[in-house]
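Chain by chain, the residues:
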Amino acid sequence: MLGNRGSVDIQREYNQGERDFRKLQLRRIDLKGSNLKSINLSGSDLSYADLRDADLSNANLSNCYFNEGNLSGANLSGANLSGAYLIKAYLSKVDFKKAILKEAYLTGSFLTKANFLKADLSGTFLNGAHLNGAIFQGAVYDNSTRFDKGFDPCALGMTLISSFQNSVFKKISIGDVITNFETIANITSHYLGGTITAKNFEDSRPDVEWLQQFSMDKKGKISFGGTMSNQATMMQLKWFEKWTNAFIKKSSVIIQDLPNIIEEKNLTVEYLIKKNAA
């Protein structure tokens, strides 16, 4: 449950050395121009707050709510904003340099002349945002980052990374990946039948020697010549991601909605990685 705290209390306690202000109810709080470097506000609700020109560099703002707040001119360089909600927030000229915005929601926000230099925008929702004059040089994004149609991240100096580059994940076994692929094959088989599904499995296989150990029968069952319980390496997961994507693309020639079905059911290798993220 969120607790309540006034702006005067936070600044005073911060000045006295306190840094932990997690899960607080801070709606409409006035912290304009405050110095709150490295503060921990994770999980707090700062919707409609006035944080103009505040220094929140290197702060932990993960899972915070800043919806419709005003952070214009604030310093958020190096801050952790993973999973934060900044929907329709005023973020003009905000410094997001090297900030982590993984799966943050900036939908409909005003980001005129904001600086995302070398920021992590993996899975970030930037659809509907106002981005005039924003700087994205050196920022990274992945296939789950949401941009408006026509937005060209490459032209702005952004870099596309693998969904599991820089990820720290728990053990994902070969069997886990096979089970995931079999589930996709079962969906495909419902529309295409077992014979065509198995053929698409073979035809979409990347030209990698290790992947030759896998085969699929007409019932969508995958056999593997090695040990199912062995942990999949990062490289093996990349191969499987490439194979899965190629299989879905080939099958979607007939099942046009297949990519949406797979995404809605969270059956991508990308989701498997995220689900097992530490």
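Residues numbered from 1 in each chain as written. Predicted model: local features only at pLDDT ≥ 70, side-chain atom pairs only at ≥ 80, totals over all residues. Heavy atoms only, no water.

Asks: Before we move on, can you summarise the overall build of the chain with the specific residues and values?
Replies: Along the backbone of the chain there are six helices and six strands. Reading the chain from its N end, one meets helices and strands in the order β-α-β-β-β-α-α-β-β-α-α-α. Structurally, the chain occupies a C-alpha span of about 70 × 40 × 30 Å along its principal axes. Relative to its 278 residues, the chain shows a buried fraction of 47%. Counted over contacts in the chain with a minimum sequence separation of 6, partners at least 24 positions apart contribute 27%. Here the chain contributes 33 positive and 28 negative side-chain charges, whose respective centroids are spaced 1 Å apart. (Helix = DSSP H or I, 4+ residues; strand = E, 2+ residues; numbered from the N terminus. Buried < 20%, exposed > 50% of the residue type's maximum accessible area, 1.4 Å probe, protein only. Contact = heavy atoms within 4.5 Å. Lys, Arg positive; Asp, Glu negative; His and termini not counted. Charge placed at Lys NZ, Arg CZ, Asp CG, Glu CD.)

Asks: Before we move on, could you go through the side chain of N200 and cite the residues and values that matter?
Replies: Examined against the element boundaries, N200 turns out to sit in helix α3 (residues 194-203). Its relative accessible area of 8% is what places N200 among the buried residues. A polar contact of 3.2 Å, which involves the side chain of N200, links it to the side chain of S251. N200 has contacts with L192, F247, K250 and S251, leaving out every residue within four places of it along the chain. (Polar contact = N/O pair within 3.5 Å; in protein donor to acceptor, adjacent residues only side chain to side chain.)

Asks: Requested: an account of the nonpolar core, with residues and values cited.
Replies: Counting residues in hydrophobic clusters, the biggest one holds 47 residues, and the most contacted among them are L61, L81, F96, L101, L111 and F116. When near neighbours in sequence (up to four residues on either side) are disregarded, L61 contacts L41, L56, F66, L76, A79, N80, L81 and A84. One finds I222, I248, L258 and L267 within the second-largest nonpolar core, a separate group that totals 29 residues. (Core = buried A, V, L, I, M, F, W, Y, C linked by side-chain atoms within 4.5 Å.)

Asks: A description of the packing of helix α2 (residues 174-192) against α3 should follow, citing residues and the corresponding values.
Replies: Viewed as axis vectors pointing N to C, α2 and α3 meet at an angle of 135°, and their least axial separation amounts to 8 Å. By the criterion of interaxial angle, the relationship of α2 to α3 is oblique. Classified by chirality, the crossing of α3 by α2 is right-handed. Residues F181, A185, T188, S189 and L192 of α2 form the contact with α3, whose own contacting residues are G194, I196, T197, N200 and F201. By residue class, the composition of the contact of α2 with α3 is five nonpolar, five polar and no charged. (Axes fitted to C-alpha atoms, helices over the stretch in contact; angles between N-to-C directions. Parallel < 35°, antiparallel > 145°, perpendicular 65-115°, else oblique. Left-handed = near helix turned anticlockwise from the far one by under 90°. Nonpolar A, V, L, I, M, F, W, Y, C, P; charged D, E, K, R; others polar.)

Asks: Summarise the layout of surface pockets; cite the residues concerned and give the values.
Replies: When its volume is computed, the largest pocket comes out at roughly 640 Å³. Along the wall of the largest pocket there are 22 residues; nearest its centre are N143, S144, E263, T268 and E270. When contributions to the lining of the largest pocket are tallied by element, the ones reaching two or more residues are α4 (234-251), α5 (258-264) and α6 (269-275). Residues of the lining of the largest pocket, tallied by class, amount to eight nonpolar, seven polar and seven charged. (1 Å grid on protein atoms, 1.4 Å probe; cavity = no way out; pocket = protein on both sides within 12 Å on 5 of 7 lines; lining within 4 Å. Points joined across faces, edges and corners; volume = space filled by probe spheres on them.)

Asks: Lay out α3 with the relevant residues and their values.
Replies: Here α3 has its buried residues at G194, T197, A198, N200 and F201. Along α3, the residues classed as buried sweep out an arc of 160° about the axis, all on the same side. Counted as exposed and oriented over 90 degrees from the buried face of α3: T195 and K199. Tucked into the core, α3 has its buried residues touching α2, β5 (214-216), β6 (222-224) and α4. (Arc of directions from axis to C-beta.)

Asks: Got a sec to walk through the packing of α3 against α4? Specific residues and values, please.
Replies: For any two helices packed against each other, the geometry is given by the interaxial angle and the distance between the axes. Contact geometry for α3 and α4: axes closest at 9 Å, N-to-C directions at 135°. Regarding the angle of α3 to α4, the classification is oblique. The element α3 and its partner α4 pack so that their crossing is right-handed. In contact with T197, N200, F201 and D203 of α3, α4 contributes W243, F247, K250 and S251.

Asks: Help me get a handle on the environment of L71, residues and values and all.
Replies: Here L71 is to be found in the loop between β2 (24-25) and β3 (140-141). C-alpha separation for the pair L71 and Y105, spaced 34 residues apart in sequence, amounts to 15 Å. In this structure, L71 is in contact with L51, R52, F66, L76, Y90, L91 and V94, ignoring residues within four places of it in sequence.

Asks: Describe the pattern of salt bridges, and please don't skip the residues or the numbers.
Replies: Scanning all chains against the criterion turns up nine salt bridges. Where E202 meets R205, a salt bridge forms, and the shortest distance between an N and an O atom there is 2.5 Å. Residue R205 is classed as buried on the basis of its relative accessible area, which comes to 13%. (Salt bridge = Lys/Arg side-chain N within 4 Å of Asp/Glu carboxyl O.)

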